[in-house]
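Here's the letter readout for the chains.
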Protein chains: 2
Amino acid sequence: MKINKQSLEEQAADYLRQQILAGAFVSGDKLTESTLAKDLELSRTTVRMALNTLASEGLVSQKPYAGWSVTTLSGHDIWEIYHLRVALESQAAMMAAETINDEKAKRLRDELAAFQAICKRKDVSLAEVTLCDFKLHKLIIELSESDRLARMYKSVINQLSIYIRITHFDFDIESSADTHIDLINAICAGEPEKARRLAIENISTFTEMGQKLKIEQDHTSDFAAS
Amino acid sequence: MKINKQSLEEQAADYLRQQILAGAFVSGDKLTESTLAKDLELSRTTVRMALNTLASEGLVSQKPYAGWSVTTLSGHDIWEIYHLRVALESQAAMMAAETINDEKAKRLRDELAAFQAICKRKDVSLAEVTLCDFKLHKLIIELSESDRLARMYKSVINQLSIYIRITHFDFDIESSADTHIDLINAICAGEPEKARRLAIENISTFTEMGQKLKIEQDHTSDFAAS
DNA sequence: TGGTCGGCATTGTCCGACAATAGGCACTCG
DNA sequence: CGAGTGCCTATTGTCGGACAATGCCGACCA
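If you're wondering where the values come from, they're calculated on a predicted model, not measured in any experiment.

### Considering the protein's contact with DNA strand C
- Near DNA strand C, the surroundings consist of 23 residues, among which A:Leu8, A:Thr46, A:Tyr65, B:Arg44 and B:Arg48 are the closest.
- When atoms of DNA strand C within 4 Å of the protein are sorted by moiety, sugar and phosphate together comprise 73%.
- Within the side chain of A:Arg44, one N or O atom sits 3.5 Å away from a base nitrogen of DNA strand C.
- At 3.3 Å, a backbone N or O of B:Tyr65 approaches a sugar or linking oxygen of DNA strand C.
- Elements that contribute at least two residues to the surface near DNA strand C include exactly helix H1 (8–22) and helix H3 (44–56) of chain A together with helix H3 (44–56) and strand S3 (67–70) of chain B.
- In terms of residue count, the dominant contributor to the surface near DNA strand C is H3(A) (three residues).

### Digging into the pairing of strand S2 (residues 60–63) of chain A
Residues and elements named next belong to chain A.
- Bridge count for S2 against strand S3 (residues 67–70) is four bridges, and the pairing is antiparallel. Considered in S3, the bridge of Lys 63 is made with Gly 67.
- Connecting S2 to the next strand, S3, in antiparallel fashion are three residues, including Tyr 65 with a positive phi near 65°.

### Topic: the side chain of B:His83
- Along the chain, B:His83 turns up in helix H4 (residues 75–98).
- In this structure the side chain of B:His83 is engaged in a polar contact, spanning 3.1 Å, whose partner is the side chain of B:Trp79.
- Dropping the residues within four chain positions of it, B:His83 is found in contact with A:Gln91, A:Met95 and A:Glu98.

### With respect to the protein's contact with DNA strand D
- In the vicinity of DNA strand D, 23 residues are found, and the nearest of them are A:Arg44, A:Arg48, B:Leu8, B:Thr46 and B:Tyr65.
- Near the protein, meaning within 4 Å, the atoms of DNA strand D are sugar or phosphate in a fraction of 73%, with bases accounting for the rest.
- Between a phosphate oxygen of DNA strand D and a side-chain N or O atom of A:Lys5, the distance comes to 3.4 Å.
- Backbone polar atom of B:Leu8 to a phosphate oxygen of DNA strand D: 2.4 Å apart, as the coordinates give it.
- Secondary-structure elements contributing two or more residues to the surface near DNA strand D are H3 and S3 of chain A together with helix H1 (8–22) and H3 of chain B.
- In terms of residue count, H3(B) provides more of the surface near DNA strand D than any other element does, three residues in total.
- Tallied by class, residues from the surface near DNA strand D come to nine nonpolar, seven polar and seven charged.

### Points about the domain arrangement of chain A
Residue and element names in this part refer to chain A.
- Each assigned domain of chain A is listed with its residue range as follows: domain 1 (8–70) and domain 2 (75–225).
- Each side of the interface is counted separately: domain 1 has twelve residues, and domain 2 has nine residues.
- The contact between domain 1 and domain 2 buries some 800 Å² in all, and 60% of this surface belongs to carbon and sulfur atoms.
- Three residues, Leu 21, Glu 57 and Leu 59, lead the burial of domain 1 against domain 2; their summed loss comes to 54% of the area buried on that side.
- At the junction of domain 1 with domain 2, the criterion picks out zero salt bridges.
- Taken together, the links from domain 1 to domain 2 amount to two residue pairs in polar contact (both at pLDDT 80 or more).

### A short note on unusual backbone geometry
- We note that A:Tyr65 has phi near 65°; this positive angle belongs to a residue other than glycine.
- You will see that B:Glu145, though not glycine, has its phi angle at about 60°, which is positive.
- Its location among the elements puts B:Glu145 in the loop between helix H6 (126–143) and helix H7 (147–163).
- On the basis of relative accessibility, which here comes to 39%, the residue B:Glu145 falls in the partly exposed class.

### Topic: the packing of helix H7 (residues 147–163) of chain A against H4(B)
- One can describe the packing of H7(A) onto H4(B) by two numbers: an axis separation of 8 Å at closest approach and a directional angle of 45°. On the basis of their axis angle, the class for H7(A) and H4(B) is oblique. Contact residues: A:Asp147, A:Arg148, A:Leu149 and A:Met152 in H7(A); B:Asp77, B:Glu80, B:Ile81 and B:Leu84 in H4(B).

Procedures and definitions
Residues numbered from 1 in each chain as written. Chains lettered and ligands numbered in written order. Predicted model: local features only at pLDDT ≥ 70, side-chain atom pairs only at ≥ 80, totals over all residues. Heavy atoms only, no water. Near = heavy atom within 4 Å. Polar contact = N/O pair within 3.5 Å; in protein donor to acceptor, adjacent residues only side chain to side chain. Helix = DSSP H or I, 4+ residues; strand = E, 2+ residues; numbered from the N terminus. Pairing = 2+ DSSP bridges. Contact = heavy atoms within 4.5 Å. Nonpolar A, V, L, I, M, F, W, Y, C, P; charged D, E, K, R; others polar. Domains from an automatic or database assignment. Buried area = accessible area lost by both parts, 1.4 Å probe. Salt bridge = Lys/Arg side-chain N within 4 Å of Asp/Glu carboxyl O. Buried < 20%, exposed > 50% of the residue type's maximum accessible area, 1.4 Å probe, protein only. Axes fitted to C-alpha atoms, helices over the stretch in contact; angles between N-to-C directions. Parallel < 35°, antiparallel > 145°, perpendicular 65-115°, else oblique.

The structure is reproduced here in structure tokens:
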């Protein structure tokens, strides 16, 4: 038996977030309260509150009396988001290194090992590699043991994925996991400053490539889910 | 003539935020929708949305069907907030250093000079010093030119001031401004890495003292206002 | 003592209504 | 032809009331 403890508003927010991240609504699309209310079979009030939630996460924007729309990001917005990601992820790497213990280290190494195993397969798809990469970064955030940081990070990543539907591309898949080895080692060794530096480097190369190519990504809901 | 373009919800949120930061409601106080609605002469719906906004900022918490209350922060929460402040403020210092120009440098130096002037006065109050200190930090954030970062920073600071009603205490007021000199110089000189390091040091000493003493602070509304 | 059962306060959700506003269209006037 | 003007429509902003769902607390009972 499974009972649903989430409020309707929460469910609506989750659903809409997922739809946006999955690309069912794309940047600039207009969302009207009454239409959504009919589609979701909810009252306008509830839908409205869900939209408010998404707005606070930066996924949708509203113009007074004009309507809601999926956020459109300018170049400057992307710049902001990139720098925020650097700030949060490097901080998380530091904190993870500071609070490292055997159990955490094991989780990190296991995740990295899985990542490497995936990369070695010949028939591996980009999607799978991407998923592993995401999971690893997400794990580092989790190991920082800061819910607030995790929340902010998720918001940043979600905003980013409205704009870019990529993470990895046609560069060497095999070495994809390996670029994380040093970072994971630094964290496990309890070297905060080194971990911080490597985390920044890792994101930098990632983003640099992101500027060149944009590819559809088919599992954007990963971050929004939890 | 001055017309009010803000929605009622926004005004309610601003008002409540100010009340919380000013100490009219303290940590743990219960807020009931219908009571607030009567007090503010608004509908429950509107109040509810305002509370939702504050919740997304971390100022109030809600337990389903039980009620809203001003957030109570645990030791771990404070730890999270401290680390977030470090991450955001050091990043802002870096970004300010990276994008420094004559006009920005002038603003920084002017603010610092004002700070120093205040500290030199014999009859200066702690409140005034605190205000200057806040303004300087706020300026650095602003100079990073990232609205998202500013928003997150404000949220972090607001949460912090629910718990701690202090910024400065009975340590040497005269040298208070001077501890910022190196940081400002690094930013103006366009040295991101140095600026980052000094920003972290600055916050660390600040927080360290914050753990010892807690003093009422009488201008908490500064950050929430803008 | 410990568990159960109501009652009360408060939130969660809905509906319907109406005012306020933005955005687009047609119209006028030069 | 172009610019400004005024109207119409779609949509949001706000409201009040209503009722169900739930958490809390105290009373009662074994």
